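# Reading the structure
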Amino acid sequence: MAWWDGAVGYEIYLRSYTDSDGDGTGDLPGVTSRLDHLADLGVDLLWITPAYPSPGHDHGYDVSDYTRVADVFGGDEALDVLLEQAHARGLRVIMDIVPNHCSSEHPWFQRALEDPTAPERGFFHFVDGLGEHGEQPPNNWVSHFGGTAWTRDPDSGQWWLHLFLPEQPDLNWDNPAVRDAFDEVLVGWFARGVDGFRIDVAHALVKDSHLRDNDWPDPLPDVANPLDLFNSLPHTFDLDQPGVTDIYERWHALAARHDAHLVGEVYLLEPSLLERYVADGRLHRSFYFNALRTGWDIAELRPMVHAGVTHGRGRFAWPMGSHDNDRAATRFGGGEVGRRRQSAYLALLCALPGTPYLYQGDEFGLENGVLPPGAAQDPVAVNNPGATGRDGTRTPIVWDDTPGRGFTSGTPWLPFGMNHGTWVTPAVQRGDTEAALERTRELLHTRRGCATMLATNEVTWMDVADTIAFRRGDVVVACNVGGPPTKVPVPDGDLIHATGDGVVIGDGVVVVPMDTTIWWRA
Ligand code: NOJ
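Please read these numbers as outputs of a predicted model, since none were measured by experiment.

## Section: the overall build of the protein
- If you tally the helices and strands in the protein, you get 15 helices and 19 strands.
- The C-alpha atoms of the protein give a radius of gyration of 23 Å, which matches the 24 Å a tight globule of 522 residues would have.
- Reported as C-alpha extents along the three principal axes, the dimensions of the protein are approximately 80 × 50 × 50 Å.
- Within the protein, the fraction of its 522 residues that count as buried is 60%.
- In the protein, of all internal contacts separated by at least 6 residues, the share reaching a separation of at least 24 is 68%.
- For the protein, the computed accessible surface area is about 19,200 Å², with 50% contributed by carbon and sulfur atoms.

## Some words on the packing of helix α5 (residues 176–191) against helix α7 (residues 244–256)
- Put simply, α5 and α7 touch, their axes get as near as 10 Å, and they point 30 degrees apart. One finds that α5 runs roughly parallel with respect to α7. For the pair α5 and α7, the crossing hand works out as right-handed. Here α5 contributes R179, D180, F182, D183, L186, V187 and F190 to the contact with α7, which in turn contributes I247, R250, W251, L254 and A255.
- Residues belonging to the contact of α5 with α7 are distributed by class as follows: eight nonpolar, no polar and four charged.

## Observations regarding the sheet that holds strand β16 (residues 494–498)
- The sheet built from five strands is open, its strands ordered β12-β13-β14-β19-β16 with antiparallel pairing. The strands lining the two open edges of the sheet, one partner per strand, are β12 (460–464) and β16. Each strand axis lies, on average, 20 degrees off the axis of its neighbour in the sheet, ignoring direction.
- With four bridges joining them, β16 and strand β19 (residues 516–521) adopt antiparallel strand pairing.

## Things to note about the environment of R68
- Inspection of the secondary structure assignment puts R68 in the loop between β2 (45–48) and α3 (75–88).
- Among the polar contacts listed, one links the side chain of R68 to the side chain of D65, at a separation of 3.3 Å.

## What to know about the pattern of salt bridges
- Taken as a whole, this structure holds 33 salt bridges when the rule is applied.
- Between D200 and R198 there is a salt bridge, and its shortest N-O distance comes to 2.8 Å.
- Assessed through its relative accessible area of 6%, D200 is described here as buried.
- Residue R212 is joined to D208 by a salt bridge in which the shortest nitrogen-to-oxygen separation is 2.9 Å.
- For R212, a relative accessible area of 40% translates into the label partly exposed.
- One salt-bridge network, held together by shared partners, links D58, D324, D378, R390 and R394.

## Focus on the environment of N480
- Assignment of secondary structure puts N480 in strand β14 (residues 475–480).
- Sequence separation between N480 and H323 is 157 residues; the distance between their C-alpha atoms is 27 Å.
- With near-sequence residues (within four places) excluded, N480 lies in contact with W296, D466, T467, P485, T486, V512, P513, M514, D515 and T516.
- Among the polar contacts made by the side chain of N480, one reaches the main-chain carbonyl oxygen of P513 at a distance of 3.4 Å.

## Examining helix α4 (residues 107–114)
- Among all positions of α4, only W108, F109 and A112 are buried. Buried residues of α4, seen end-on, are gathered within an arc of 90 degrees and therefore sit on one face of the element.
- Against β4 (126–127), β6 (159–161) and α5 lie the buried residues of α4.

## Concerning the site of the ligand
- Around the ligand, a shell composed of 13 residues is seen, among which D58, H101, D200, H323 and D324 lie nearest.
- At 3.0 Å, a side-chain N or O of H101 approaches an oxygen atom of the ligand.
- Here the ligand loses 97% of its free accessible area of 300 Å² to cover by the protein chains.
- A class-by-class count of the residues in the shell around the ligand yields four nonpolar, two polar and seven charged.

## Here's the deal with the side chain of T355
- Turning to its location among the elements, T355 is positioned in strand β11 (residues 355–359).
- In this structure the side chain of T355 is engaged in a polar contact, spanning 2.7 Å, whose partner is the side chain of R285.
- The contacts of T355, once residues within four sequence positions are left out, are W4, A7, G9, R285, F316, A317 and W318.

## A look at the packing of aromatic side chains
- For the structure on display, the rule yields 33 aromatic pairs.
- Between W3 and W4, the ring centres sit 5.1 Å apart and the planes meet at 80 degrees, which makes this aromatic pair edge-to-face.
- Taking the relative accessible area as the measure of exposure, W3 reaches 18% and is therefore buried.
- The class for W4 is buried, based on a relative accessible area of 9%.
- Where Y17 meets W399, the ring centres are 5.2 Å apart and the plane angle is 80 degrees; that geometry is what we call edge-to-face. Here Y17 is found in the loop between β1 (9–12) and α1 (28–33), whereas its partner W399 is found in the loop between α12 (379–383) and α13 (426–429), with 382 residues between them in sequence.
- Residue classification places Y17 among the buried positions, given a relative accessible area of 0%.
- Cluster of aromatic residues (ring-pair linked, three or more members): Y52, Y66, W108, F123, W173, F182, W189, Y248, W251 and Y277.
- Note that R121 overlies the ring of F126, its terminal NZ or CZ placed 3.7 Å from the centroid.

## Digging into the side chain of T517
- When you line up the elements, T517 lands in strand β19.
- A polar atom in the side chain of T517 sits 2.8 Å from the backbone oxygen of A344.
- Leaving out residues up to four positions away in the same chain, T517 has contacts with A344, A347, L348, V477, A478, C479, H497, A498 and T499.

About the cut-offs
- Residues numbered from 1 in each chain as written.
- Predicted model: local features only at pLDDT ≥ 70, side-chain atom pairs only at ≥ 80, totals over all residues.
- Heavy atoms only, no water.
- Helix = DSSP H or I, 4+ residues; strand = E, 2+ residues; numbered from the N terminus.
- Rg over C-alpha atoms; globule rule 2.2 N^0.38 Å.
- Buried < 20%, exposed > 50% of the residue type's maximum accessible area, 1.4 Å probe, protein only.
- Contact = heavy atoms within 4.5 Å.
- Areas by Shrake-Rupley, 256 points an atom, 1.4 Å probe, with all protein chains shown as cover.
- Axes fitted to C-alpha atoms, helices over the stretch in contact; angles between N-to-C directions.
- Parallel < 35°, antiparallel > 145°, perpendicular 65-115°, else oblique.
- Left-handed = near helix turned anticlockwise from the far one by under 90°.
- Nonpolar A, V, L, I, M, F, W, Y, C, P; charged D, E, K, R; others polar.
- Pairing = 2+ DSSP bridges.
- Polar contact = N/O pair within 3.5 Å; in protein donor to acceptor, adjacent residues only side chain to side chain.
- Salt bridge = Lys/Arg side-chain N within 4 Å of Asp/Glu carboxyl O.
- Arc of directions from axis to C-beta.
- Near = heavy atom within 4 Å.
- Phe/Tyr/Trp six-rings, centres within 6.5 Å; stacked < 30°, edge-to-face > 60°.
- Lys NZ or Arg CZ within 6 Å of the ring centre and 35° of its normal.

Have a look at this one:
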């Protein structure tokens, strides 16, 4: 068994976790100060969002140096301390690698702009435009963040490709020098003790070699949020191109030498496409994004879970939420109802083959923050009037109700965004066995004790109305998604976890109340 088999993941959106020095931005020493919380909670694998130097146009996903930790996040020494202290507690730490694009301030791009004959020019997609004077973009591709995916270099007249902001030029992965450069980056971090990588936009690295137009209507539909527009279009030539998985075969070999883990942000919603990325010798895991898009609706949830189990064969990672998507408690209705459903959902995901991922704050039922007008920072919102950006899910963690909320002694980079007129904090919940935090802790520790369940990826589905019910190993799991109390047949055994009150144990059955998940061990 690899160390990541059976692990529970936890995403840390670094700038919003804990700020150790009062500058208002979360940093690595801040993460180190929370390691006891995390170890006690029972997660195993921390994914930390980009900590590299960056001008911050996309909050760190525009990297200007892949080989260092930025001073604002504590510098290289802070990472060494974090790794040492995390490892001492049995926690693993994976970093975020952003290989699809770098920052326009990266020396590679600066050289490429300065001198079109420099080798670095070939690190990017610089091409002539269409029209008599090359004044039109080379094709019809659009950026995730709105508008054309091309920006013209005024000096040479050529255009560069960027599937995100113009300040995030796409790298050309057909160029062997790019592949070599990233090998070096990865190995450098492995050698420093990093336990692996979450790979940003892992499905987009390779582009159609002729940069052909996608077959899209002209004009494109008018959709306020450019991410929604992007995700609604077919991506025949810009995403998931032949050969992209070869990169991960190469990375797999590098990772294997360091016992390191690779999990991809492969944003493909069709599970049969996604599973190719986790074939033997490629990525160890791939995020299954349907899990963080679903509503609380059995008709939607059941097929999503079944497909993820069938296609994932234990190699999909199941995210609850993320820094790009609404928090689960918010998505499921908010308030007490949303929190109850979120707990039930977490207990469901934790029982499925593969890797469940909490997003920071999920452990105590945090909802999206509500921001005052004008507070938006996300380029999706700032550049696209009428679009809701991703700031609501990125608000700083509210650890307690001191003035800086345990997050900072200064002014937070983004407001906390109180929701429902109260602070939901771990400080209030600690020690209260009814509270989300303690239930999550109990769930994760119970899960660790379920060795027989974790040892198998085989699931036997049970047919129970309104309920996702199955047996995995010696554990029966049932999640009632919005239905009246349902009777779930169980073998001789014990109730080992319930996400809410009101569970009734009968003769050979357990009655599971609405919006509740139970675990029963034979
Ligand atoms: C996915 C990241 O999660 C998101 O935050 C970022 O904006 C894009 N990739 C571009 O790097």
